Amino acid sequence: MSTSNHTVLFANKKTAVLISQNYRQASLADAIVPLADDVFDATKVDLSSTGRVELYCATYENKDTIKVTACWLEKKVGGEWEFDCSLTPPTEESHNTNGYAASFNCLSSIGSGTYRLAATFNADGYEITRRSVGVSF
């Protein structure tokens, strides 16, 4: 009986460990796997508490031109995100490559509250919009 109980207990522990490991792998994958897209392999829109914005994207293949064509701030009002103001997109462009990066500071456009930044990436005319997480100011 004790052997049987031990075996069942071991099987239960093993099952619990496997479930735990699978859960951890899924969580890690969610953190590093980019949003699926036919053109863009990865994108990053980051707004820091100092107002610094970092934009990054990578495409699966080299593109003639990669740039950001629009960016704006959204403010959380009553639990909903609302358009706050347009920002001048960065002038940086990437040519004949698959990567793009730019940064700027938008603190002067931010008041108090929770804000996020949205940016539209353009690769040879194909566009996607991505947003940062909300940041409290």
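Our structure's up above, just so we're on the same page.
Our subject in this report is the structure included herewith. These numbers were taken from a predicted model, which means no experiment stands behind them.

Criteria and thresholds
Residues numbered from 1 in each chain as written. Predicted model: local features only at pLDDT ≥ 70, side-chain atom pairs only at ≥ 80, totals over all residues. Heavy atoms only, no water. Helix = DSSP H or I, 4+ residues; strand = E, 2+ residues; numbered from the N terminus. Buried < 20%, exposed > 50% of the residue type's maximum accessible area, 1.4 Å probe, protein only. Contact = heavy atoms within 4.5 Å. Areas by Shrake-Rupley, 256 points an atom, 1.4 Å probe, with all protein chains shown as cover. Core = buried A, V, L, I, M, F, W, Y, C linked by side-chain atoms within 4.5 Å. Polar contact = N/O pair within 3.5 Å; in protein donor to acceptor, adjacent residues only side chain to side chain. Salt bridge = Lys/Arg side-chain N within 4 Å of Asp/Glu carboxyl O. Phe/Tyr/Trp six-rings, centres within 6.5 Å; stacked < 30°, edge-to-face > 60°. Pairing = 2+ DSSP bridges.

## Considerations on the overall build of the protein chain
Next, step 1: Regarding its fold elements, the protein chain presents one helix and seven strands.
Next, step 2: Secondary structure of the protein chain in N-to-C order comes out as α-β-β-β-β-β-β-β.
Next, step 3: In the protein chain, buried positions account for 30% of the 137 residues.
Next, step 4: Across the protein chain, every contact between residues at least 6 apart in sequence was considered, and the portion connecting residues at least 24 apart equals 61%.
Next, step 5: For the protein chain, the accessible area works out to roughly 8,600 Å², and carbon and sulfur atoms hold 51% of it.

## Quick word on the nonpolar core
Side chains that are nonpolar tend, in soluble globular proteins, to be buried together.
Next, step 1: Formed by 25 residues in total, the largest nonpolar core has its most connected members in Leu 47, Leu 55, Leu 73, Cys 106, Leu 117 and Phe 121.
Next, step 2: Elements with a minimum of two residues in this core: strand E1 (40-47), strand E2 (52-77), strand E3 (80-87), strand E4 (93-105) and strand E5 (114-123).
Next, step 3: Counting residues per element, this core draws most heavily on E2, which supplies seven residues.
Next, step 4: When residues no more than four places from it in sequence are discounted, the contact partners of Leu 73 are Leu 47, Glu 82, Phe 83, Asp 84, Cys 85, Leu 87, Cys 106, Ser 109, Ile 110, Tyr 115, Arg 116 and Leu 117.

## Quick look at the side chain of Arg 116
Next, step 1: Take Arg 116: it is sitting in strand E5.
Next, step 2: A polar contact of 2.5 Å, which involves the side chain of Arg 116, links it to the side chain of Glu 74.
Next, step 3: Filtering out sequence-adjacent residues up to four positions away, Arg 116 remains in contact with Leu 47, Trp 72, Leu 73, Glu 74, Trp 81, Arg 131, Ser 132, Val 133 and Gly 134.

## What to know about the pattern of salt bridges
Next, step 1: By the definition in use, this model includes four salt bridges.
Next, step 2: A salt bridge links Arg 52 to Glu 54; the nearest nitrogen and oxygen atoms lie 3.4 Å apart.
Next, step 3: The exposure class of Glu 54 is partly exposed, given its relative accessible area of 30%.
Next, step 4: In this structure, a network of salt bridges that share partners links the residues Lys 44, Arg 52 and Glu 54.

## Description of the packing of aromatic side chains
The description of an aromatic ring pair uses the distance of the two centres, along with the angle that the planes make with each other.
Next, step 1: Taken as a whole and judged by the stated rule, the model has three aromatic pairs.
Next, step 2: Ring geometry for Phe 40 versus Phe 121: centroids 6.3 Å apart, planes at 55°, classification tilted. With Phe 40 in strand E1 and Phe 121 in strand E5, this pair connects stretches of sequence that are 81 residues apart. Both residues of the pair, Phe 40 and Phe 121, belong to the buried class.
Next, step 3: Taken together, the ring pairs in this structure connect Phe 40, Phe 121 and Tyr 126 into an aromatic cluster.

## A word on the pairing of E3
Next, step 1: Judged from the seven bridges that link them, E2 and E3 form a sheet pairing that is antiparallel. Residue pairing across strands places Val 77 opposite Glu 80, the latter belonging to E3.
Next, step 2: In this antiparallel pair of consecutive strands, E2 and E3, the connection spans two residues, and Gly 78 shows a positive phi of 60°.

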